[in-house]
Amino acid sequence: MRLLSKFFLNRPDIALKTYIIVPKDRVEDLTEDFVRRGLLEPLPPQEAGKALETIRKRIELAERALTLFKRLSSLVRKSIEIEIKELPWDTDKALEKLINEFEEISEIVERLVEDAERVKSELEKLKALRFVISELSKNIGLLDKSLINYEGEYLISKTLYGNVREVEEVMSKSLKVLFYRVLGEEKAVAVVVLDKRAYENVEPLVKKLEVPVTDTSNFIELSNVDKSIREIETRLTSIESRLEDLLESRLYELALLKVLAETVHCELGVLDKALSSKYMAVIVGRSLRSRRNELKKLVRAASGYVVFEEEINPPVELNNLKPFKPFEIFTEIMGYPSPQEWDPTPLITYFYLIFFALMFPDIGYSIGLIIGARLVLPYFIESKETLKKLINIATYTGIAGCVTGLLTNSFFGSLLGSYVGLVVPKLLPSLPARLADPEATGSAIISYIALTLLLGYYVIIIAHILGAIKKAIIGDKPGFILEVLIILIAILGPSAIHAAFNLNTDIWGLLKLVDRGIILYITIVIMMLYATLKSLLDKPFGVMLWLFDVLGILADVLSFVRIAGLALGSAILAELINNLVLNLIPTLSSMSFILGLLGGIAISLLLHIVNIGLSSLSPFVHSLRLVMYELSSKFYEGSGRKISPLFISLLKVKIGSTT
């Protein structure tokens, strides 16, 4: 599919921001290779500095993402494997968006985790209290609350739970230890009695370890403690469920966060180390995507490493097939395509050749154009590259002109064209020999005008279809709807004109299938829809602009009449020259047959060469105008910029005597 696109609407070659890490002692040699091959467009120092600063920020961004992932991933209870099927085009933007989202989620998660830890701590203390009550009740029976939680004027009793060392520290200050058990390796529970002074010394630690007793009755019952435990367990389950639901709903995004962060970190980790190394240098520039492997090979040979980075709006280079290369000059005139645009060069090539060939339908004139371009252009064009392109364009257009010359049986008009007709049938309208038949001349003129108008009509529809496809691809729904409405107006308009004014304009033969009134009604409704939508979208001028758009279809089609005008103008002049020469030959032959023949040939060649010179420039200019304004303007913006790598062409120089 990509190869097929190169024959119609190509894609430009996109530049990538390139960071080259190389030992400092190899920088000079590597830079020389880049310049000789035209591989790298170096960034200005200020811009390169900003690019390197951006790299550092990207690495920090990746590290933030990995930290977030580790923190959140550790809270996921289930072990699950997630496959990331496709990475976003803009990695940095996607990563930054995910980080912002997960930082917000992380704040919520941290609050839930804190709540869960607090509730767990409360639950552990309650379970420790239950253990104390259960054990003391076995010995005492009904347990008085003041025994495990009391603050009097002189004595204080407290139930403590926590770290073994901290519990034992309080026990060492107490008057009496009523109960003590080690629960597990690090936790212990104790009931201690302290005097007032000792309590004041360890009060902060007691407050930390204290197990609150919420039972309001004088005697503690296990059923009340069990009820409180169940309530707290329910709260804990609710918090953990919310936490689990929150994380499991974003598992794919969490996995994507890790993949993007590791991708960025892997790409830029080496670069980050190089920036902090005194033995390595970093070269920053832009290189074409199609030449990545060539650049990598050179850098690896210099013991270096390359990191490529995609930009949002990078410069581009045209990368058409060889036959279309000369016509890239026309695309350059309109502006380079943006990375998201088509390169219209192949399509321009086809239509330019068609327009030119129809304006220049003569075998002799086309051969003269091919020869003349090689002889004349070097005197006016200094740039060898531009000269080569223009000569190739003249060659291609000359060949196309030979084809239409065959189809019109025109070889210096009818001078030699009448003999071509003996071999190739005439398929395109052409003037009669020496304009001898006025009726045939008028018929040929009308036929050629009709042919060019019909061609223009189809070209305009094709241009608007391409415009609609472009709008659909970029997601411009209003623009797409407007283009579709314009296409419908262009298709139905000729039939509607036929229905309203009885003119023979039913190009598609729609009136044979649909009633005249229905065609007219549908066309009017579509025009009203277009006018309404245009007025709403392009305030305040849309109220008037819609009319120019609709009438613009007719104006664009009529613009193609220039093809007939230029073709017929040069053809009429060619026939007048032939008429003059054929009338002059008998006069000269009366003096000498050889003089008449040679004189006729010389005068004919001279006048036809003058006509070639006069006729060849206009088709070049007007074909260019048609492809630029009538065709490309409907779907092409040319808002991109060209990559400009440093390049020095090493030419052969001869020095010394050549004798």
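Quick caveat: nothing in here was measured; it's all calculated off a predicted structure.

Peer 1: Could you give an account of the sheet that holds strand 7 (residues 187–195), with specific residues and numbers?
Peer 2: Taken together, the 4 strands give an open sheet; going across it, the order is 4-5-7-6, and neighbouring strands pair in antiparallel fashion. Across the chains shown, the open sheet's two edge strands, defined by having one partner strand only, are strand 4 (150–151) and strand 6 (176–183). One ladder, built from 2 bridges, connects strand 4 with strand 5 (residues 155–163); its direction is antiparallel. In the strand pairing of strand 5, Tyr-150 is matched with Ser-157.

Peer 1: If you had to explain the pattern of salt bridges to someone new, which residues and values would you point to?
Peer 2: Tallying each qualifying case throughout the model produces 33 salt bridges. Taking the shortest distance from any N to any O, the salt bridge between Arg-250 and Glu-101 comes out at 2.7 Å. Taken as a pair, Arg-250 in the loop between helix 9 (222–248) and helix 10 (251–275) and Glu-101 in helix 4 (residues 91–140) lie far apart in primary sequence, 149 residues in all. What makes Arg-250 partly exposed here is its relative accessible area of 21%. Across the salt bridge formed by Glu-630 and Arg-625, the nearest N and O atoms sit 2.6 Å from each other. The exposure class assigned to Arg-625 is partly exposed, which follows from its relative accessible area of 31%.

Peer 1: Quick one: what's the story with the pairing of strand 7, residue by residue and with numbers?
Peer 2: Burial within strand 7 is extensive, with 7 of its 9 residues counted as buried. As paired strands, strand 5 and strand 7 are joined by 9 bridges and run antiparallel to one another. Looking at the pairing, Tyr-161 lines up with Val-189 of strand 7. Sheet topology places strand 6 next to strand 7; 7 bridges connect them, and they run antiparallel. Bridged to Phe-179 within strand 7 is Val-191. Adjacent in sequence and paired antiparallel, strand 6 and strand 7 are bridged by 3 residues, among which Gly-184 carries a positive phi angle near 80°.

Peer 1: Pulling in residues and values, what's your account of a nonpolar patch on the surface?
Peer 2: A surface patch of nonpolar side chains, about 700 Å² in accessible area, is lined by Ile-367, Ile-371, Leu-375, Val-376, Tyr-379 and Phe-380. Here Phe-380 lies in the loop between helix 14 (363–376) and helix 15 (384–408). Judged by its relative accessible area of 65%, Phe-380 is exposed.

Peer 1: Report on the packing of helix 13 (residues 345–359) against helix 17 (residues 438–474), specifying residues and quantitative values.
Peer 2: The N-to-C vectors of helix 13 and helix 17 enclose an angle of 170°; their axes lie 12 Å apart at closest approach. As judged from the angle between their axes, helix 13 and helix 17 are roughly antiparallel. Here Leu-347, Phe-351, Ile-354, Phe-355 and Leu-358 of helix 13 lie close against helix 17, whose contacting residues are Tyr-448, Leu-451, Leu-455, Val-459, Ile-462 and Leu-466. When its residues are assigned to classes, the contact of helix 13 with helix 17 shows 11 nonpolar, no polar and no charged.

Peer 1: Explain the packing of helix 18 (residues 477–501) against helix 19 (residues 516–537) to me, and be specific about the residues and the numbers.
Peer 2: Two quantities define a packed helix pair, namely the angle between the axes and the distance from one axis to the other. Close contact between helix 18 and helix 19 brings their axes to 8 Å; oriented N to C, the two are set at 150°. Handedness of the crossing formed by helix 18 with helix 19: left-handed. Looking at side-chain class alone, the contact of helix 18 with helix 19 contains 20 nonpolar, 4 polar and 2 charged residues.

Peer 1: I'd like a rundown of the confidence of the model for the protein, residues and numbers included.
Peer 2: Detailed reading of predicted coordinates is not advised where the pLDDT is low. A residue-level look at the protein finds 93% of positions with pLDDT of 70 or above and a mean pLDDT of 86. At the low end of the mean pLDDT range in the protein sits strand 8 (residues 219–220), at 68; at the high end sits helix 13, at 96.

Peer 1: I'd like a rundown of the pairing of strand 1 (residues 13–23), residues and numbers included.
Peer 2: The side chains of a regular strand alternate, first on one face of the sheet and then on the other. Across the 11 residues of strand 1, 11 count as buried, placing the element largely inside the fold. Neither face of strand 1 is exposed, since Asp-13, Ala-15, Lys-17, Tyr-19, Ile-21 and Pro-23 on one face and Ile-14, Leu-16, Thr-18, Ile-20 and Val-22 on the opposite face are all buried. Summarising the sheet, strand 1 and strand 11 (residues 316–317) pair through 2 bridges and their orientation is antiparallel. If you follow Ile-14 over to strand 11, its bridge partner there is Val-316. The pairing of strand 1 with strand 9 (residues 280–288) spans 9 bridges and is classified as antiparallel. Bridge pairing in strand 9 links Pro-23 to Met-280.

Rules used throughout
Residues numbered from 1 in each chain as written. Predicted model: local features only at pLDDT ≥ 70, side-chain atom pairs only at ≥ 80, totals over all residues. Heavy atoms only, no water. Pairing = 2+ DSSP bridges. Helix = DSSP H or I, 4+ residues; strand = E, 2+ residues; numbered from the N terminus. Salt bridge = Lys/Arg side-chain N within 4 Å of Asp/Glu carboxyl O. Buried < 20%, exposed > 50% of the residue type's maximum accessible area, 1.4 Å probe, protein only. Patch = residues over 30% accessible without salt bridge, like charges linked within 9 Å, V, L, I, M, F, W, Y side chains within 5 Å. Areas by Shrake-Rupley, 256 points an atom, 1.4 Å probe, with all protein chains shown as cover. Axes fitted to C-alpha atoms, helices over the stretch in contact; angles between N-to-C directions. Parallel < 35°, antiparallel > 145°, perpendicular 65-115°, else oblique. Contact = heavy atoms within 4.5 Å. Nonpolar A, V, L, I, M, F, W, Y, C, P; charged D, E, K, R; others polar. Left-handed = near helix turned anticlockwise from the far one by under 90°. pLDDT = per-residue confidence, 0-100.

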